[in-house]
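# Architecture at a glance
Take a look at the letters that make up each chain.
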Amino acid sequence: MAYLQDPLVKPVTIHTLQKLKAQGEKFTCVALYDAPMAAMAEQTGVETVLVGDSLGMTVLGYDSTLPVTMEHMLYHVEAVARGNKKSLILGDMPFMSYATVELAMHNAMRIMQAGAHMVKMEGGQWLAPTVTMLAERGIPVCAHLGLTPQSVNKLGGFKVQGRTQKQAQTLLNDAQALAQAGADLLVLECVPSELAKQISEAVATPVIGIGAGKDTDAQVLVVNDILGLTPKPPKFSKNFLVEAGDIAGALTQYVGDVKAGIFPAAEHGFE
Ligand code: KIV
């Protein structure tokens, strides 16, 4: 029986993730958007699922995450929460839904009431007061750093971040400030593997990587990439369906390969 399916195994909480980090055990996250896939993830032992605003591209056919609305997010968070009772569910806050602390509080409340256990927001030190405000009011926050897709126009494209010494130092400072502000998880997207290792070691908060090498505390992939549904898959992703043959097998292999330190390999990271 898969780990999370065991009736004796309790739902994953932030304490589970802190304990896994403290023990040096890797955990997994899958970005997914509907009830059947959420149920499958639960059966295959995925500790955390992310209802990502990547759904703008993977499900809704947009070119970026910018058109995603609160209504889109609520619809998909509700569906995922109905399908999965054991994984910890992260709900993305869409573009501009947390532009002020007041907006963030109102919209985070809605994402939590839809069934998420934590909200995810993109940004560096400027986000720290929002993180503290939400944390003090009982809403756990995952802060997303590095390549932050909602800022694609400001970043000038979907590019690796933290490649210069100055940028790397800023990212490290951001991670420490957000951890200090009360963030319960950090996501690092598309940053050099060595920098991701340094940041993961510098903070007690569990760090989930995507395109950030093998040394973060956890990994996240988008389900479409795991299942080979992306026409031009990113360098950091892997199609697990090819070897596994079916969806449950692909998710199980992803989980197993992350825990065994097999995925990501060096070729999935950035220097
Ligand atoms: O929206 C999303 O799916 C994400 C992950 C890629 C981390 O933010």
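Up top is the structure.
This one's a predicted model, so the numbers in the text were calculated from it and none came from an experiment.

What follows covers the overall build of the chain. Summing up its helical and strand segments, the chain has 12 helices and 8 strands in all. Taken against the 2.2 N^0.38 rule, which gives 18 Å for 271 residues, the C-alpha radius of gyration of the chain at 17 Å falls within 12% of a compact globule. Its C-alpha atoms put the chain at 45 × 40 × 40 Å along the principal axes. Taking all 271 residues of the chain together, the buried fraction comes to 55%. By sequence separation, contacts in the chain at least 24 residues apart represent 62% of the contacts at least 6 residues apart. Counting only carbon and sulfur atoms, one obtains 56% of the accessible surface of the chain, whose full area is about 11800 Å².

Turning our attention to the site of the ligand. The immediate surroundings of the ligand are formed by Ala 31, Leu 50, Gly 52, Asp 53, Ser 54, Asp 92, Lys 120, His 144 and Ile 210. A distance of 3.1 Å separates an oxygen atom of the ligand from a polar atom in the side chain of Asp 53. Between an oxygen atom of the ligand and a side-chain N or O atom of Lys 120, the distance comes to 2.9 Å. Across the complex, the protein chains shield 94% of the 260 Å² of accessible surface that the ligand would expose by itself. Of the residues that constitute the shell around the ligand, the class distribution is 3 nonpolar, 3 polar and 3 charged.

The end-to-end C-alpha separation of helix H12 (residues 247-259) is 19 Å, in line with the 18 Å expected for 13 residues at 1.5 Å each. For H12, the complete set of buried residues consists of Ala 250, Leu 251, Gln 253, Tyr 254, Val 255, Asp 257 and Val 258. Turning to H12, the residues buried within the fold contact strand E1 (27-31), helix H2 (35-43), strand E8 (218-222), helix H10 (223-226) and helix H11 (241-244). The positive-phi residue at the C-terminal boundary of H12 is Gly 261, with phi of around 75 degrees.

Per the counting criterion, the structure on display carries 0 disulfides. Cysteine Cys 190 shares no disulfide, and the gap to the nearest cysteine sulfur, in Cys 29, comes to 15 Å. By relative accessible area, which is 5% here, Cys 190 ends up buried.

Moving on, we come to the side chain of Thr 28. With respect to the helices and strands, Thr 28 occurs in strand E1. The exposure class of Thr 28 is buried, given its relative accessible area of 0%.

The rules behind the values
- Residues numbered from 1 in each chain as written.
- Predicted model: local features only at pLDDT ≥ 70, side-chain atom pairs only at ≥ 80, totals over all residues.
- Heavy atoms only, no water.
- Helix = DSSP H or I, 4+ residues; strand = E, 2+ residues; numbered from the N terminus.
- Rg over C-alpha atoms; globule rule 2.2 N^0.38 Å.
- Buried < 20%, exposed > 50% of the residue type's maximum accessible area, 1.4 Å probe, protein only.
- Contact = heavy atoms within 4.5 Å.
- Areas by Shrake-Rupley, 256 points an atom, 1.4 Å probe, with all protein chains shown as cover.
- Near = heavy atom within 4 Å.
- Polar contact = N/O pair within 3.5 Å; in protein donor to acceptor, adjacent residues only side chain to side chain.
- Nonpolar A, V, L, I, M, F, W, Y, C, P; charged D, E, K, R; others polar.
- Expected span 1.5 Å × (residues − 1).
- Disulfide = S-S within 2.5 Å.

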